[in-house]
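Overview (structure and organization)
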Amino acid sequence: MKNSKSLYLALTLSILMVFSASYQSHAQLQAPAPSPSSSVSQNVGFTKISIDYSSPAVKGRTVFGDLVPYGTPWRAGANAPTTIEFSTAVNIAGKTVNAGKYSVFITPAQSGDWTIHLNSKGNAIYAYIQDEKVNSTALASDDAVAIKVSPAKTMDAQERLSYSISAEDNKVAKVTFGWDKVKLSFMVDTQVDQLMEGFKGAF
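Conventions adopted
Residues numbered from 1 in each chain as written. Predicted model: local features only at pLDDT ≥ 70, side-chain atom pairs only at ≥ 80, totals over all residues. Heavy atoms only, no water. Pairing = 2+ DSSP bridges. Helix = DSSP H or I, 4+ residues; strand = E, 2+ residues; numbered from the N terminus. Axes fitted to C-alpha atoms, helices over the stretch in contact; angles between N-to-C directions. 1 Å grid on protein atoms, 1.4 Å probe; cavity = no way out; pocket = protein on both sides within 12 Å on 5 of 7 lines; lining within 4 Å. Points joined across faces, edges and corners; volume = space filled by probe spheres on them. Core = buried A, V, L, I, M, F, W, Y, C linked by side-chain atoms within 4.5 Å. Buried < 20%, exposed > 50% of the residue type's maximum accessible area, 1.4 Å probe, protein only. Contact = heavy atoms within 4.5 Å. Polar contact = N/O pair within 3.5 Å; in protein donor to acceptor, adjacent residues only side chain to side chain. Nonpolar A, V, L, I, M, F, W, Y, C, P; charged D, E, K, R; others polar. Patch = residues over 30% accessible without salt bridge, like charges linked within 9 Å, V, L, I, M, F, W, Y side chains within 5 Å. Areas by Shrake-Rupley, 256 points an atom, 1.4 Å probe, with all protein chains shown as cover. Salt bridge = Lys/Arg side-chain N within 4 Å of Asp/Glu carboxyl O.

An unreviewed UniProt entry annotates the protein as DUF2911 domain-containing protein of Cyclobacterium qasimii M12-11B.

Right, here's the structure in full:
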């Protein structure tokens, strides 16, 4: 009788421990992030280009002109700052951009060109907010380069924000941003010919 009571007690304790472990595991389970982190990288010439960003969804909202106001610099993603990194110096819009990591901002426009900013300090957009507005002058002063881009409007909406990098001719890369019914692209010259000339001069 004693043995059967001990066995019963041990079995009960085991069941309680299993339920307790299951409850703790369930309590630690978190819902998926609404704007999951993503990244893309591409080797072009001698340069590796990498972009890290978070990918929000449209969710039936009006994105540009409402969620993202026209004329106001925006963080070009969600959560942590969107960043682009170059392993070597590159040329963008006729300007040399040194190797390193830059945060990305986009200023949408109701008409005409939009502006893509590569921030030289890697700051978050919040570093430029004063009185609940973005200080565009301060932000522009920290631009490594500001790229004027004509937005391409698409018929079909793209639910999630994404970036892509095309190696093109393996000298000049094409970086593309897409979300909702807008695509923006800019070219990154990895200066392959200049680097090759430099290699020749070293021997």
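So, the sheet that holds strand S6 (residues 100–107)
Pairing in this open sheet of 6 strands is antiparallel, and the strands run S1-S2-S3-S6-S7-S10 from one edge to the other. At either margin of the open sheet sits one strand with a lone partner, and together these are strand S1 (37–44) and strand S10 (143–149). The average undirected angle you get between the axes of adjacent strands in this sheet is 20°. Here 5 bridges tie S6 to strand S7 (residues 114–119), and the two strands are oriented antiparallel to one another. Across the sheet, Val104 pairs through a bridge with Leu118, a residue of S7.

Things to note about empty space enclosed by the protein
Applying the stated criterion across every chain, the model contains 1 cavity of 30 Å³ or more. Roughly 80 Å³ of volume is contained in the largest cavity. Lining the largest cavity are 13 residues, and of these Val104, Ile116, Tyr163, Val175 and Phe186 lie nearest its centre. Those elements that place two or more of their residues in the lining of the largest cavity are S6, S7 and strand S12 (172–189).

What to know about the nonpolar core
Counting residues in hydrophobic clusters, the biggest one holds 38 residues, and the most contacted among them are Phe86, Ile92 and Leu118. At 8 residues, S12 tops the list of elements feeding residues into this core. Setting aside residues no more than four positions away along its own chain, Ile92 makes contact with Phe86, Val97, Leu118, Val145, Ile147, Phe186, Met187 and Val188. Core analysis: the second largest hydrophobic core is formed by 5 residues, Phe105, Ile125, Val134 and Leu139 among them.

Here's the deal with the environment of Arg75
Mapped onto the fold, Arg75 is located in the loop between strand S2 (47–54) and strand S3 (83–86). With a relative accessible area of 26%, Arg75 lands in the partly exposed category. The sequence separation of Arg75 and Ala124 amounts to 49 residues, and the corresponding C-alpha distance is 7.4 Å. What Arg75 contacts, discounting residues up to four positions off in sequence, is Thr82, Val104, Phe105, Ile125 and Tyr126. Engagement of the side chain of Arg75 in a polar contact is seen with the side chain of Tyr126, the distance being 2.8 Å.

A short note on the layout of surface pockets
For the largest pocket, the calculated volume is near 280 Å³. Lining the largest pocket are 21 residues, with Leu67, Val68, Trp74, Arg75 and Gly77 sitting closest to its centre. Tallied by class, residues from the lining of the largest pocket come to 13 nonpolar, 3 polar and 5 charged.

Some details on a nonpolar patch on the surface
A grouping of Phe46, Met196 and Phe199 is seen on the molecular surface, where their side chains present a nonpolar patch of about 270 Å² in accessible area. Its location among the elements puts Phe46 in the loop between S1 and S2.

Topic: unusual backbone geometry
Even without being glycine, Ala76 reaches a positive phi, approximately 65°. Its location among the elements puts Ala76 in the loop between S2 and S3.

As for the pattern of salt bridges
Using the criterion set out here, one finds 2 salt bridges in the structure. Of the charged contacts, one joins Lys121 and Asp142 as a salt bridge, the two residues approaching to 3.5 Å between their closest N and O atoms. One end of the pair, Lys121, is in the loop between S7 and strand S8 (129–130); the other, Asp142, is in the loop between helix H2 (136–141) and S10, with 21 residues separating them in the sequence. Judged by relative accessible area, Asp142 falls into the buried class, the value being 11%. Between Lys171 and Asp193 there is a salt bridge; the shortest N-O distance is 3.1 Å. Of the two residues, Lys171 is situated in the loop between strand S11 (152–166) and S12 and Asp193 in helix H3 (residues 192–201); the sequence distance between them amounts to 22 residues. For Lys171, a relative accessible area of 34% translates into the label partly exposed.

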